[in-house]
Amino acid sequence: MTKKPESASAPCQRITGKARLAGVLGWPVSHSRSPALHNYWLRRYGIDGAYVPLPVRPEQFETAVRGLQAAGFRGANVTIPHKEAACALADDLDPSARRAGAVNTLVFEEDGRIRGLSTDGDGFVASMDAKGLTLPASGRALLLGAGGAARSVAAALQDRGLHVAVTNRTPARAESLAEVLPGLEAVPWAAWEAGLGAYDLLVNTTSLGMEGGPDPMFRPSLKAAARHLVVADIVYVPRLTPLLAEAEQRGLKTLGGLGMLLHQARLGFREWFGQDPEVDAETEASVTASF
Ligand code: ATR
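Residues numbered from 1 in each chain as written. Predicted model: local features only at pLDDT ≥ 70, side-chain atom pairs only at ≥ 80, totals over all residues. Heavy atoms only, no water.

**Some thoughts on the pattern of salt bridges**
Then, in step 1: Counted under the stated rule, the structure contains 15 salt bridges.
Then, in step 2: Note that R115 and E109 form a salt bridge whose closest N and O atoms lie 2.5 Å from each other.
Then, in step 3: On the accessibility criterion, R115 (22% relative accessible area) is partly exposed.
Then, in step 4: Between R270 and D276 there is a salt bridge, and its shortest N-O distance comes to 3.7 Å.
Then, in step 5: D276 gets classed as partly exposed once you look at its relative accessible area, which sits at 37%. (Salt bridge = Lys/Arg side-chain N within 4 Å of Asp/Glu carboxyl O. Buried < 20%, exposed > 50% of the residue type's maximum accessible area, 1.4 Å probe, protein only.)

Here it is in structure tokens:
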């Protein structure tokens, strides 16, 4: 996609001495689209604030968080590989973070306490709703992967009443996920393609299919899929992963990962900057322009 120049009438970012500050902690962090997204919202709503990338090595994570707090930041997003460290560091966890065992949003409270939230799973479900892909409460979902993203998405889908199964290359990880999320089913990695017909939703939560990831060409067989299967990928670089291309070719409904990125960001923005931001076509275009 060609880069769209910002229109001459686009509002400028306002950063005064009173600006509210937030950012994203990751290692590496240069791939993150969160700065593009949050600064778009700051301009759109005319908020005096800034959101910056914060490349922080794992061994420096706690020092960096305490430093941001000391420097008056309102909080931060947390991405790979810090989500579990952020969970351990937070003084208070909201229920979603406790269930996910991970934190992607830190809020620095005025009394010095650090609150941790996990908004990935709810962001995923909201992105499904936004595309009109709401599933029946009795639906069945199969998740590929058993890492932090899988746990967060699985918990959110269970909260919606879905039966959730996970399958993972390393079976022990799928089994330990089943221990922390009662009702979750672990399916053998070698068997999921053949058993796909039993599900209404397939979600790839691994980095398979991601540009620069372990296997960018990951294109599993969807031969056994039911005609109504919805295929979702939380990978958003590229926008159309090989898995989604395969699903489209079979005439299945698909959901890309960008929607989850946009929706998971809303809660943090509201906490730090005091405004509930809208996710609409313009928001999506502003982030897509940064690709
Ligand atoms: P995150 O917190 O973003 O989910 P993670 O905890 O590192 O990241 O999880 C990455 C997921 O991608 C895991 O399910 C991982 O499978 P393993 O537990 O077997 O490592 C999966 N994954 C990564 N590379 C893979 C590959 N080449 N084949 C299959 N699964 C892979």
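**Re the UniProt feature "domain: Quinate/shikimate 5-dehydrogenase/glutamyl-tRNA reductase" (unreviewed entry) in the protein**
Then, in step 1: Here, UniProt's "domain: Quinate/shikimate 5-dehydrogenase/glutamyl-tRNA reductase" (unreviewed entry) annotation points to residues 139-234.
Then, in step 2: Counted over residues 139-234, helix gives 23% and strand 24%. Its end C-alpha atoms are 19 Å apart. (UniProt positions renumbered as here; feature names shortened; annotations may be inferred. Helix = DSSP H or I, 4+ residues; strand = E, 2+ residues; numbered from the N terminus.)

**Examining the site of the ligand**
Then, in step 1: As a structural note, the neighbourhood of the ligand is formed by 15 residues, with A146, N168, R169, T170 and R173 the closest of them.
Then, in step 2: Between N168 and the ligand, the recorded distance is 2.6 Å, taken from a side-chain N or O atom to an oxygen atom.
Then, in step 3: Interatomic distance of 2.8 Å between a side-chain N/O atom of R169 and an oxygen atom of the ligand.
Then, in step 4: Compared with its free state, where it exposes 640 Å², the ligand has 73% of that area covered by protein.
Then, in step 5: When the residues that make up the shell around the ligand are grouped by side-chain class, the tally is six nonpolar, seven polar and two charged. (Near = heavy atom within 4 Å. Polar contact = N/O pair within 3.5 Å; in protein donor to acceptor, adjacent residues only side chain to side chain. Areas by Shrake-Rupley, 256 points an atom, 1.4 Å probe, with all protein chains shown as cover. Nonpolar A, V, L, I, M, F, W, Y, C, P; charged D, E, K, R; others polar.)

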